[in-house]
Amino acid sequence: MNANAEGQALVRIADLHKSYGPAIKVLRGLDIEMKPGERVVVIGPSGGGKSTLLRVVMGLEEIQGGSVSFAGRPYISVQGGKTQIDTEVRKKIGMVFQHYTLFPHLSVMQNLTLAPCKVNGESRAKATERGRAILARFGLEAKTDAYPSQLSGGQKQRVAIARALMLDPQLMLFDEVTSALDPELVAEVEAVILQLAAQGMPMMMVTHDMWFARNVASRVIFCAGGVVVEDGPPEQVLGNPREDRTREFIERVFHIKG
Ligand code: ADP
Ligand code: MG
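A. Here's a closer look at the nonpolar core. Residues Ile43, Ile161, Phe174, Ile193 and Met203 are the most contacted members of the largest nonpolar core, which totals 49 residues. Sequence-distant contacts of Phe174, that is, excluding residues within four places in its chain, are made with Leu54, Val96, Ile161, Ile193, Leu196, Met203, Met204, Met205 and Val206. Counting residues in each nonpolar core, the second largest holds 31 residues, with Val11, Val56, Ala71 and Leu173 among its members.

Shown next as structure tokens:
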């Protein structure tokens, strides 16, 4: 069977259960199906499990039940109470976090080439050439030899995105990548993500910027209480939600409750 046949999900999250210890049940039977080329924005209350969800999809967390599949292949599952993670599939996914994660003792180019050279055995010359091309695309050529401490927050996040792209991901996860930035630096990072979106990169992201969500999303998913409450096009979920819980959240976020 062709794993990418039309209608086939790129990511299928099925009945996902995730707890931190016995007391903190974060995800309680969550289902999401993401088609190829989709850009899914996940919104929901703080502490509702959005970061946990992305970390699970990235293969960074143990889960207690359910599964996650990529292009028809289950790569995260639970067998005999133990979480099984297929690292070959996980390699196809890139993630950028809210807090800066560049290696502080490495230059921008060294940050970009470390994993391709060390993990994938790519030659330094080849990786450097690809790194230069990505930095140029993001307007960061002048920062090739800079160290993270010499970069603005916006530049750091753009480098973090460039670093993730060096591994040729087939899916990108962005967890509030602009939340720690000064307001005037948000646009340059969002522009890079919009550029990736325009090139067809599938992505799943969490953002509090509703303007950006509306611009980038092909689908918006409102999660609360560890399950999907509403899932639909941005015009519906952000503009005219069907569920009361979504409407209350949107009204609070936009401060429009009368
Ligand atoms: P969101 O990103 O939606 O704000 P999170 O996924 O960060 O929510 O957190 C969901 C819940 O899980 C919160 O109650 C949080 O305190 C808890 N949590 C997150 N990470 C951990 C952890 N490593 N250990 C224990 N509890 C955690
Ligand atoms: Mg979070």
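Additional details are given in the paragraphs that follow.
B. Here's a closer look at the side chain of Arg158. Of note, Arg158 is situated in helix H5 (residues 153–165). Ignoring sequence-local partners within four residues, the contact set of Arg158 consists of Phe138, Gly139, Leu140, Glu188, Val189 and Val192.

C. Broad picture of the sheet that holds strand E11 (residues 227–232). Taken in spatial order, the six strands line up as E7-E8-E9-E3-E10-E11 in an open sheet, and their pairing is mixed. With one partner strand each, in any of the chains shown, strand E7 (93–96) and E11 form the two edges of the open sheet. Strand-to-strand twist of the sheet, defined as the mean angle between neighbouring strand axes without regard to direction, takes the value 20 degrees. Strand contacts of helix H1 (residues 50–57): strand E3 (39–43), E7, strand E8 (171–175) and strand E9 (203–206), with the helix running at about 155 degrees to E8, the strand carrying the most contacts.

D. Here's a closer look at the side chain of Glu38. Along the chain, Glu38 turns up in the loop between strand E2 (24–34) and E3. For Glu38, a relative accessible area of 15% gives the class buried. At 2.7 Å, the side chain of Glu38 and the side chain of Arg219 are in polar contact. When sequence neighbours within four positions are dropped, the list of residues in contact with Glu38 reads Glu33, Pro202, Met203, Ser218 and Arg219.

E. Summary view of the site of ligand 1. In the vicinity of ligand 1, the residues found are Tyr20, Ile24, Val26, Pro45, Ser46, Gly47, Gly48, Gly49, Lys50, Ser51 and Thr52. Measuring from an oxygen atom of ligand 1, one finds a side-chain N or O atom of Ser51 at 2.9 Å. Here an oxygen atom of ligand 1 and a side-chain polar atom of Thr52 are 2.5 Å apart. Compared with its free state, where it exposes 560 Å², ligand 1 has 58% of that area covered by protein. Of all elements in the fold, only E2 and H1 reach the threshold of two or more residues within the shell around ligand 1. Sort the elements by how many residues they give to the shell around ligand 1 and H1 lands first, with three residues. Considered class by class, the residues forming the shell around ligand 1 number four nonpolar, six polar and one charged.

F. Representation of unusual backbone geometry in the model. Notably, Ala71 is not glycine yet its phi reads approximately 50 degrees, a positive angle. Of note, Ala71 is situated in the loop between strand E4 (65–70) and strand E5 (73–79). Residue classification places Ala71 among the buried residues on the basis of a relative accessible area of 15%. With a phi close to 50 degrees, Glu176 is a non-glycine residue in the positive phi region. Tracing the backbone shows Glu176 in the loop between E8 and helix H6 (183–198). With relative accessibility at 12%, the residue Glu176 sits in the buried group.

G. Region of interest: the packing of H5 against H6. Interhelical geometry of H5 versus H6 gives an angle of 20 degrees and a closest axis separation of 8 Å. Put simply, H5 runs roughly parallel to H6. Here H5 runs over H6; the crossing is right-handed. Packed against H5, whose contacting residues are Gly153, Gly154, Gln155, Gln157, Arg158, Ile161 and Leu165, the element H6 presents Leu185, Glu188, Val189, Val192, Ile193 and Leu196 at the interface. Here the contact of H5 with H6 is built from residues that sort into seven nonpolar, four polar and two charged.

H. Up close: the environment of Glu33. For Glu33, the position within the fold is in strand E2. Overall, Glu33 belongs to the partly exposed group, its relative accessible area being 29%. Sequence separation between Glu33 and Ala9 is 24 residues; the distance between their C-alpha atoms is 6.1 Å. Apart from residues lying up to four places away in sequence, Glu33 is in contact with Ala9, Val11, Arg12, Glu38 and Arg219. Polar side-chain contacts of Glu33 include one of 3.1 Å to the side chain of Arg12.

I. Local environment of the pairing of strand E1 (residues 11–20). Alignment of E1 against E2, held across eight bridges, turns out to be antiparallel. Looking at E2, one finds that Leu16 is bridged to Leu30. Pairing analysis gives five bridges linking E1 to E4, with the strands arranged antiparallel. Opposite Arg12, over in E4, you have Ser69 as the bridge partner.

Conventions adopted
Note that residues are indexed from 1 along each chain, following the sequence as it is written. The lettering of chains begins at A and the numbering of ligands begins at 1, in the order of writing. It should be noted that, the model being predicted, local features are given only for residues of pLDDT at least 70 and side-chain atom pairs only at 80 or more, the latter also being counted only at that level, while totals for whole chains, interfaces and linings use all residues. Water and hydrogen atoms play no part in the side-chain values, which are based on all heavy atoms of the structure. Throughout, nonpolar core names a set of buried Ala, Val, Leu, Ile, Met, Phe, Trp, Tyr and Cys residues whose side chains join them through atoms within 4.5 Å. Exposed residues in this analysis have more than 50% of their type's maximum accessible area, buried residues have under 20%, and partly exposed residues fall in between, with area computed by a 1.4 Å probe over protein chains only. Here, two residues are considered to be in contact whenever any of their heavy atoms come within 4.5 Å of each other. Here a strand is any run of E in DSSP of at least two residues, a helix any run of H or I of at least four, and the numbering for each starts at the N terminus. Strand pairing is defined by DSSP finding a minimum of two bridges between the two strands. Angles run from 0 to 180 degrees between N-to-C directions of axes, and those axes are lines fitted to C-alpha atoms, restricted for helices to the stretch in contact. In the analysis that follows, any N or O atom pair within 3.5 Å is treated as a polar contact, provided that within protein one partner can donate a hydrogen and the other can accept it, and provided that, for residues neighboring in sequence, both atoms belong to side chains. Neighbouring residues are identified by heavy atoms, a residue being near a molecule or strand if any of them is within 4 Å of it. Surface accessibility in these figures is a Shrake-Rupley result with a 1.4 Å probe; residues are shielded only by whichever protein chains are displayed. Each residue is assigned to one class: nonpolar for Ala, Val, Leu, Ile, Met, Phe, Trp, Tyr, Cys and Pro, charged for Asp, Glu, Lys and Arg, and polar for all the others, Gly among them. Angular relationships are summarised with four words: roughly parallel below 35 degrees, roughly antiparallel beyond 145, roughly perpendicular across 65 to 115, and oblique for the angles in between. In this scheme the crossing of two helices becomes right-handed for a clockwise turn of the near helix relative to the far one and left-handed for an anticlockwise turn of less than a right angle.

These values are about where atoms sit, not about what they do.
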